[in-house]
Amino acid sequence: MKTTFSIHSRTWSLALLLFCAGIATVKGQELVPRNYIAYKASETLSIDGKGDDASWQKATWSQDYIDIEGKMIPDYRTRMKMLWDNDYLYILAEMEEPHVWATLKQRDTVIFYNNDFEIFIDPDGDTHNYYEYEMNAHNTLWDLFLTKPYRNHGKVVDSWDIQGVKSAVSIDGTLNDSSDTDKGWMVEIAIPWKVITEASSGGNVPENDFWRINFSRVNWKFDLTDGRYSRKKDDKGKFLPEYNWVWSPQGVINMHEPEHWGYVYFSSKEAGGIASFSIPNDDYIKWHLYSLYRGVLQGKKDAEKSVAMPKNILGKTIKPSLEKHGFGYNIWVKSPFTGKVLVIKEDGEFRSMDDKN
């Protein structure tokens, strides 16, 4: 199928880039994660990869994806929508791509060796016990469960499956045909709540609540051999690095720092309605605690001394503490907004607790 295709310019100034990409920063703070309001579907959705259902037509598109560090606009546009009902979390993603290709057909193989679409879900926002889901243009899936991020040496449960997941791909062009130019591909996914609420604290569908979620798109430069696509290699025979394009920028080339993931709020209103959401003030403190934690974890010079330095967060001054004990350490502070004690343990797990003093 012959189509035309346009590539986004990389020549915008950084200021214009940040404005158009919807990325916010708070003076003196880290990059603020993006947020999205997911509304309820008003009808049963047909998972066909097309997004023709009435609720999808009413749902709003996310901001365009940006490169993983939040510095550049990708060559090809990516955006997503989300909906939910009592049974499923729904995701629809649209990806511009002039050459739609895929080679992997076996479930739970390493899908990001092809161009792929990825979902990361941390129900509790504690950076532990989270889900990863990947799929390619063949609609081949890879789903896994991680007990902790790689930096904390957690277990990767590769045999874990999202039982009952539904997914479909539609292609505006022709798959694996190098003789034409495609427009792109679209994925539609329905993830059962009964599976992904298992690792949440209450085990409930997050109605009028938020989860930490992010999305990634891996895109490779390619070689063609007898019309067959493969990842491109350099002159020494090594694969060229992939592009990582994400919804909420990580600020680092690593999807497995869940503290950077976006906020998805699940409104009880149906698609087409109007709801509002604001990131809790305590989470601004949480991001700062994690920046301190990463410094200590990585053994950066004077990282431990830096923990106790006063920090202004949304007009309030905090002074975290590094508390060492027989089994490691905690970085903690009492929130001036809620009075709760916010703690990051040595293994990176976050906790918010009532002050019992």
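Residues numbered from 1 in each chain as written. Predicted model: local features only at pLDDT ≥ 70, side-chain atom pairs only at ≥ 80, totals over all residues. Heavy atoms only, no water.

As a further point, take the environment of Ser55. Topologically, Ser55 is positioned in helix H2 (residues 54–58). Distance in space between the C-alpha atoms of Ser55 and Glu132 is 26 Å, their sequence separation being 77 residues. Once residues within four sequence positions are removed from consideration, Ser55 is found in contact with Ala41, Ser42, Glu43, Leu45, Leu83 and Ala271. (Helix = DSSP H or I, 4+ residues; strand = E, 2+ residues; numbered from the N terminus. Contact = heavy atoms within 4.5 Å.)

What follows concerns the packing of aromatic side chains. Across all of its chains, the model carries 26 aromatic pairs by this definition. Between the aromatic rings of Tyr284 and Trp287, the centroid separation amounts to 4.6 Å while the plane-to-plane angle is 50 degrees, which identifies the pairing as tilted. With Tyr284 and Trp287 both in helix H4 (residues 281–297) and three residues apart, the pair spans about one turn of that helix. Neither residue differs from the other here; Tyr284 and Trp287 are each classed as buried. An aromatic cluster is defined as three or more aromatic residues linked by ring pairs; in this entry it consists of Phe210, Tyr263, Tyr265, Phe277, Tyr284 and Trp287. Positioned over the ring face of Trp61 is Lys81, at 4.6 Å from the centre of the ring. Over the ring of Phe239 we find Arg231, and its NZ or CZ is 3.7 Å from the ring centre. (Phe/Tyr/Trp six-rings, centres within 6.5 Å; stacked < 30°, edge-to-face > 60°. Buried < 20%, exposed > 50% of the residue type's maximum accessible area, 1.4 Å probe, protein only. Lys NZ or Arg CZ within 6 Å of the ring centre and 35° of its normal.)

Structurally, the position occupied by Asn244 is in strand S16 (residues 243–246). Using a relative accessible area of 14% as the deciding quantity, one classes Asn244 as buried. In this structure Asn244 touches Ile66, Asp67, Ile68, Ser216, Arg217, Val218 and Ile253, once residues within four positions along its chain are discounted.

Another aspect to go through is the sheet that holds strand S23 (residues 350–353). Across the sheet, four strands lie side by side as S20-S21-S22-S23; this open sheet has antiparallel pairing. Of all strands in the sheet, those with a lone pairing partner are strand S20 (321–325) and S23, marking the two edges. For this sheet, the mean angle separating the axes of adjacent strands, direction not counted, is 25 degrees. Taken together, the four bridges between strand S22 (residues 341–345) and S23 define a ladder with antiparallel strand orientation. (Pairing = 2+ DSSP bridges. Axes fitted to C-alpha atoms, helices over the stretch in contact; angles between N-to-C directions.)

This part covers the confidence of the model for the protein chain. Caution is warranted with low-pLDDT regions, since their predicted coordinates should not be read in detail. The predicted model of the protein chain has a mean per-residue pLDDT of 92, with 91% of residues at 70 or higher. In this model residues 1–22 is a low-confidence stretch, pLDDT under 50, and it forms 48 contacts with partners more than four residues away in sequence or in other chains. (pLDDT = per-residue confidence, 0-100.)

On to the nonpolar core. Ranked by size, the top nonpolar core spans 74 residues in total, and within it Met82, Phe117, Ile119, Ile189, Ile191 and Phe215 carry the most contacts. Counting 11 residues, the second largest nonpolar core, distinct from the first, contains Ile68, Trp142, Met255 and Trp261. (Core = buried A, V, L, I, M, F, W, Y, C linked by side-chain atoms within 4.5 Å.)

Topologically, Arg34 is positioned in the loop between strand S2 (31–32) and strand S3 (35–40). Polar contacts involving the side chain of Arg34 include one to the main-chain carbonyl oxygen of Asp64, which spans 2.9 Å. (Polar contact = N/O pair within 3.5 Å; in protein donor to acceptor, adjacent residues only side chain to side chain.)

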